[in-house]
Amino acid sequence: MKKVEVNVFESGDVVLYQTGENGFKNNIGMILKHKDNGNYAVLSVHNSAYKDVSSSWIIPISDVEKARTEIIVHYDEKITELQSQIRKATQEEKDAERLEKYESLKKQILGTAKNLVNYKDDDDFENKLKAIADMKRAIFAIDLDCASDIRKENGRIKWKIREMISTRDNLLRNISDESIEKAFDFK
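Residues numbered from 1 in each chain as written. Predicted model: local features only at pLDDT ≥ 70, side-chain atom pairs only at ≥ 80, totals over all residues. Heavy atoms only, no water.

Novice: Would you take a moment to explain a nonpolar patch on the surface for this structure?
Specialist: A cluster of nonpolar side chains, namely Tyr119, Phe125 and Leu129, defines an oily patch on the protein surface of about 270 Å² accessible area. As for its position among the elements, Phe125 is in helix H3 (residues 122-139). On the basis of relative accessibility, which here comes to 30%, the residue Phe125 falls in the partly exposed class. (Patch = residues over 30% accessible without salt bridge, like charges linked within 9 Å, V, L, I, M, F, W, Y side chains within 5 Å. Areas by Shrake-Rupley, 256 points an atom, 1.4 Å probe, with all protein chains shown as cover. Salt bridge = Lys/Arg side-chain N within 4 Å of Asp/Glu carboxyl O. Helix = DSSP H or I, 4+ residues; strand = E, 2+ residues; numbered from the N terminus. Buried < 20%, exposed > 50% of the residue type's maximum accessible area, 1.4 Å probe, protein only.)

Here it is in structure tokens:
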């Protein structure tokens, strides 16, 4: 069970807070008011006010490293999980697909060769002979779809990883030392 730390903040305290139940404390704000129900009204650095922020969603600005670590750990776990899904086509998959395509082309060549014996005219003979020649070239240049499919899936996974890294970095940028120094700087 997750331990909920409850802090008491005063009006004017600069804090980190989250805006949703499952969010991160990646927003910088200033306590405006401690409400009777135990929640707080918080002014964000973006000049918007949140009127009912739970006290468990707020931490002191001094705990910024804790908030950063929470974000990093969360995204690193997801990125590691996605990286484990990246794979290469095994030799067994390649061999099985190559054999399947070979057998299919072999059947087509044999079927066309049987029909070649019963040709109707010279055009029909040439068309069937050309079809056999095309299948002969195809049998020696079998393209493997499994490698292509895996490459496409890996591309999709890598895109998700880049998206997660970008999201993580944006969240961390929101609570960077520079952002904290600029927050509520009235000079």
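Novice: Looking at this structure, how should I read the pattern of salt bridges?
Specialist: Side-chain pairs of opposite charge can arise where the charged atoms are in close proximity. Counting across every chain of the model gives 13 salt bridges. Between Arg68 and Asp177 there is a salt bridge, with its nearest N and O atoms 2.7 Å apart. On the criterion of sequence distance, the pair formed by Arg68 in helix H1 (residues 64-83) and Asp177 in helix H5 (residues 177-182) is long-range, its members being 109 residues apart. Residue classification places Arg68 among the buried positions, given a relative accessible area of 12%. One salt-bridge network, in which partners are shared between bridges, spans Glu65, Arg68 and Asp177.

Novice: Looking at this structure, how should I read the packing of aromatic side chains?
Specialist: Each aromatic ring pair is described using two quantities: the centre-to-centre distance and the angle formed by the ring planes. For the structure shown, the criterion picks out four aromatic pairs. Arranged with centres 5.7 Å apart and planes meeting at 70°, the rings of Phe9 and Tyr40 form a pair that is edge-to-face. With Phe9 in the segment before strand E1 (14-17) and Tyr40 in strand E3 (residues 40-44), this residue pair connects regions lying 31 residues apart in the sequence. Taking relative accessible area as the criterion, Phe9 reaches 6% and is therefore assigned buried. Exposure remark for Tyr40: the relative accessible area of 1% places this residue in the buried category. Here Phe24 and Tyr75 contribute two aromatic rings whose centre-to-centre distance is 5.9 Å and whose plane-to-plane angle is 40°, an arrangement assigned as tilted. Linking Phe24 in the loop between E1 and strand E2 (27-34) with Tyr75 in helix H1, this pair joins segments that are 51 residues apart in sequence. For Tyr75, a relative accessible area of 11% gives the class buried. (Phe/Tyr/Trp six-rings, centres within 6.5 Å; stacked < 30°, edge-to-face > 60°.)

Novice: It is not clear to me how the side chain of Asn39 should be interpreted in this structure. Could you clarify?
Specialist: Within the element layout of this structure, Asn39 appears in the loop between E2 and E3. A relative accessible area of 16% means that Asn39 is categorised as buried. Engagement of the side chain of Asn39 in a polar contact is seen with the side chain of Asp52, the distance being 3.0 Å. Each residue touching Asn39, except ones within four places of it in the same chain, is listed here: Lys33, His34, Asp52, Val53, Ser54 and Ser55. (Polar contact = N/O pair within 3.5 Å; in protein donor to acceptor, adjacent residues only side chain to side chain. Contact = heavy atoms within 4.5 Å.)

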